[in-house]
Amino acid sequence: MVVYNLGSINSDYFYHLPNLPLAGETLVAHEYRRGMGGKGANMSVAASRGAARVMHIGSVGQDGLWAKNRLLEYGVDTRHIASGSITGHAIIMIDPSGENSIVIHPGANREITKDQIGSALSEASSGDILLMQNETNQQIYTAKTAKELGLKVIYAAAPFEAKSVADILPYMDMLVLNEIEAKQLETSSGQDLQSLGPNHIFVTLGSRGCKHFDKLQDKTLHFDAIPVKAVDTTGAGDTFTGYLAAGLDRGLGVEQSIMLATRAAALMVMRHGTSDVIPDLKDIEDKFGPQPI
Ligand code: RIB
């Protein structure tokens with residue numbers, strides 16, 4: 001099976017600050033780094049680290065060929081990453097507690113064409129997974145085409161936009177969102193999460209773990225997080241979603257996949273950075289021991 005990921009690719013610029021800036025405030029960063037990121041790229045790398053075969057569908061400018069090469073180096077199939085204008089980028093500000101504020105410029109991430117999607121999905125088979133987040137264009141077309149081809153659609157509602165989620169809801173099998181996004185969705189839709197379309201909804205709760213609403217079995221389960229010292233939460237949600245997709249792709253059950261994703265995200269918050277520092281299965285086992293079955 002293959003995980004097809006319609007996803008953003010960004011240059012991430014990290015600034016470590018004494019606090020997140022207030023309106024009108026100028027701050028001096030005490031540390032600066034650059035790396036590969038984008039919620040899409042982070043999920044592709046996480047799924048690949050989790051032993052899935054991953055096909056990334058995206059776009060970068062000439063200035064982002066390094067990121068395309070890096071995805072390849074991390075085991076991701078990059079044949080359907082097109083050449084666009086300028087590569088998307090993100091300014092990531094991190095405070096001493098590891099919390100962040102992020103500003104993104106989408107650039108080429110919003111220049112993906114229907115032809116590109118068609119050509120990538122022409123390689124897909126029923127039972128493959130389509131993963132998406134909200135940092136690219138062509139989401140509705142891709143979700144609809146994937147559904148027609150029999151793929152399982154997993155959508156991470158980040159960054160949250162009520163209209164984007166509403167547009168994709170009819171095609172989603174699984175929805176992943178954090179607590180704030182879950183509240184925003186309930187407010188914008190006027191419905192409880194449980195009464196929305198997808199059969200599985202996962203709400204990540206940071207250090208409090210994760211909730212899984214299983215509509216098929218009419219049950220809600222809570223999964224504890226692993227207590228760790230967080231230094232940087234950036235990309236932890238993406239790591240969770242990528243590993244969740246990898247687990248499902250490998251045929252693990254939903255609960256086992258959540259436990260794997262929880263472990264991967266716990267290790268991720270102990271690291272500074274995004275795509276470049278996403279742990280692999282060995283890192284997870286070395287840190288937390290073999291996964292309980
Ligand atoms: O979720 C973290 C990601 O959000 C970063 O890698 C950044 O590029 C933005 O897309």
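Residues numbered from 1 in each chain as written. Predicted model: local features only at pLDDT ≥ 70, side-chain atom pairs only at ≥ 80, totals over all residues. Heavy atoms only, no water.

*Asks:* Teacher, can you tell me more about the overall build of the chain here?
*Replies:* Helices and strands together make up the secondary structure of the chain, namely nine helices and 13 strands. What you see for the chain is a C-alpha radius of gyration of 18 Å, in line with the 19 Å of a compact globule of 293 residues. Dimensions along the principal axes, computed over C-alpha positions, put the chain at roughly 50 × 40 × 40 Å. Relative to its 293 residues, the chain shows a buried fraction of 52%. For the chain, the proportion of contacts with a sequence separation of at least 24, taken over those separated by at least 6, is 63%. In the structure as shown, the chain presents an accessible area of about 12,400 Å², 53% of it carried by carbon and sulfur atoms. Computed over 25 positive and 33 negative side-chain charges, the inter-centroid distance for the chain is 2 Å. (Helix = DSSP H or I, 4+ residues; strand = E, 2+ residues; numbered from the N terminus. Rg over C-alpha atoms; globule rule 2.2 N^0.38 Å. Buried < 20%, exposed > 50% of the residue type's maximum accessible area, 1.4 Å probe, protein only. Contact = heavy atoms within 4.5 Å. Areas by Shrake-Rupley, 256 points an atom, 1.4 Å probe, with all protein chains shown as cover. Lys, Arg positive; Asp, Glu negative; His and termini not counted. Charge placed at Lys NZ, Arg CZ, Asp CG, Glu CD.)

*Asks:* In this structure, what is going on with helix H2 (residues 65-73)? I would like to understand it.
*Replies:* Every α-helical turn comprises 3.6 residues, leaving residues that sit three or four positions apart pointing alike. For H2, the set of buried residues is Trp66, Ala67 and Leu71. When H2 is viewed along its axis, its buried side chains cluster within an angular range of 140 degrees and face the same direction. Those residues of H2 that are buried are in contact with strand S2 (10-16), strand S3 (31-37), helix H1 (39-49), strand S4 (53-60) and strand S5 (77-83). (Arc of directions from axis to C-beta.)

*Asks:* What exactly am I supposed to notice about the site of the ligand here?
*Replies:* In the vicinity of the ligand there are 15 residues, among which Asp12, Gly38, Lys39, Glu135 and Asp238 approach most closely. Asn10 places a side-chain nitrogen or oxygen 3.0 Å from an oxygen atom of the ligand. Take Glu135: an N or O atom from its side chain is 2.8 Å from an oxygen atom of the ligand. The protein chains hide 97% of the 280 Å² of surface that the ligand would expose on its own. Contributing elements (two or more residues each) for the shell around the ligand: S2, H1, strand S6 (88-94) and strand S7 (100-105). Grouping the constituent residues of the shell around the ligand by class yields four nonpolar, seven polar and four charged. (Near = heavy atom within 4 Å. Polar contact = N/O pair within 3.5 Å; in protein donor to acceptor, adjacent residues only side chain to side chain. Nonpolar A, V, L, I, M, F, W, Y, C, P; charged D, E, K, R; others polar.)

*Asks:* Whenever I open this one, the nonpolar core confuses me. Can you help?
*Replies:* Considering soluble globular proteins, one finds that nonpolar side chains tend to be buried as a cluster. Among the nonpolar cores identified, the biggest contains 42 residues, and Leu71, Ile154, Phe240, Tyr243, Leu244 and Ile258 are the most heavily contacted of them. Put simply, the parts of the chain that give this core at least two residues each are H1, S4, H2, strand S8 (129-132), strand S9 (152-156), strand S10 (174-178), helix H7 (236-249) and helix H8 (254-268). The element contributing the most residues to this core is H8, with eight residues. Leaving out residues up to four positions away in the same chain, Ile258 has contacts with Phe202, Cys210, His212, Phe223, Phe240 and Leu244. In this structure, Ala124, Tyr171, Leu177 and Val203 belong to the second largest nonpolar core, which totals 34 residues. (Core = buried A, V, L, I, M, F, W, Y, C linked by side-chain atoms within 4.5 Å.)

*Asks:* What should I look at first to understand the pattern of salt bridges in this one?
*Replies:* Pairs may arise between side chains of opposite charge once their charged atoms sit close together. Enumeration according to the criterion identifies 11 salt bridges in this entry. A salt bridge links Lys163 to Asp167; the shortest N-O distance between them is 2.7 Å. Pair noted here: Lys163 and Asp167 are both in helix H5 (residues 162-168), with a separation of four residues, about one helical turn. The shortest N-O distance in the salt bridge between Lys219 and Glu255 comes to 3.4 Å. Placement of the pair is Lys219 in strand S13 (residues 219-223) and Glu255 in helix H8, with a sequence separation of 36 residues. Salt bridges linked by common partners bring Asp77, Arg79 and Glu123 together as one network. (Salt bridge = Lys/Arg side-chain N within 4 Å of Asp/Glu carboxyl O.)

*Asks:* Sorry if this is basic, but what is going on with the environment of Leu244 here?
*Replies:* Along the polypeptide, Leu244 turns up in helix H7. A sequence separation of 29 residues divides Leu244 from Gly273, and the C-alpha atoms of the two residues are 20 Å apart. In contact with Leu244, not counting residues within four places along its chain, are Val176, Phe202, Ser257, Ile258 and Ala261.

*Asks:* Where do I start with the pairing of S13 in this structure?
*Replies:* Looking along a regular strand, one sees the side chains alternate between the two faces of the sheet. Here five bridges tie strand S12 (residues 210-214) to S13, and the two strands are oriented antiparallel to one another. Paired with His212 across the bridge in S13 is Leu221. Between the antiparallel neighbours S12 and S13 lie four residues, among them Asp218 with a positive phi of about 50 degrees. (Pairing = 2+ DSSP bridges.)

*Asks:* Would you mind going over the packing of H1 against H7 with me for this structure?
*Replies:* Each pair of packed helices gets described by two things: the angle between the helix axes and the distance between those axes. The N-to-C vectors of H1 and H7 enclose an angle of 45 degrees; their axes lie 7 Å apart at closest approach. It follows that H1 is oblique to H7 by the angle criterion. When you trace H1 past H7, the crossing you get is right-handed. Contacts from Lys39, Asn42, Met43, Ala46, Ala47 and Arg49 of H1 reach H7 at Asp238, Thr239, Thr241, Gly242, Tyr243 and Ala246. Taken together, the residues of the contact of H1 with H7 sort by class into five nonpolar, four polar and three charged. (Axes fitted to C-alpha atoms, helices over the stretch in contact; angles between N-to-C directions. Parallel < 35°, antiparallel > 145°, perpendicular 65-115°, else oblique. Left-handed = near helix turned anticlockwise from the far one by under 90°.)

*Asks:* Which parts of the structure should I look at to understand the side chain of Arg263?
*Replies:* Tracing the backbone through its elements, the reader meets Arg263 in helix H8. Look at Arg263: it is buried, it has no salt bridge, and the nearest opposite charge is Glu285 at 6.3 Å. Looking at Arg263, its side chain comes within polar contact range of the main-chain oxygen of Gly289, at 2.3 Å.

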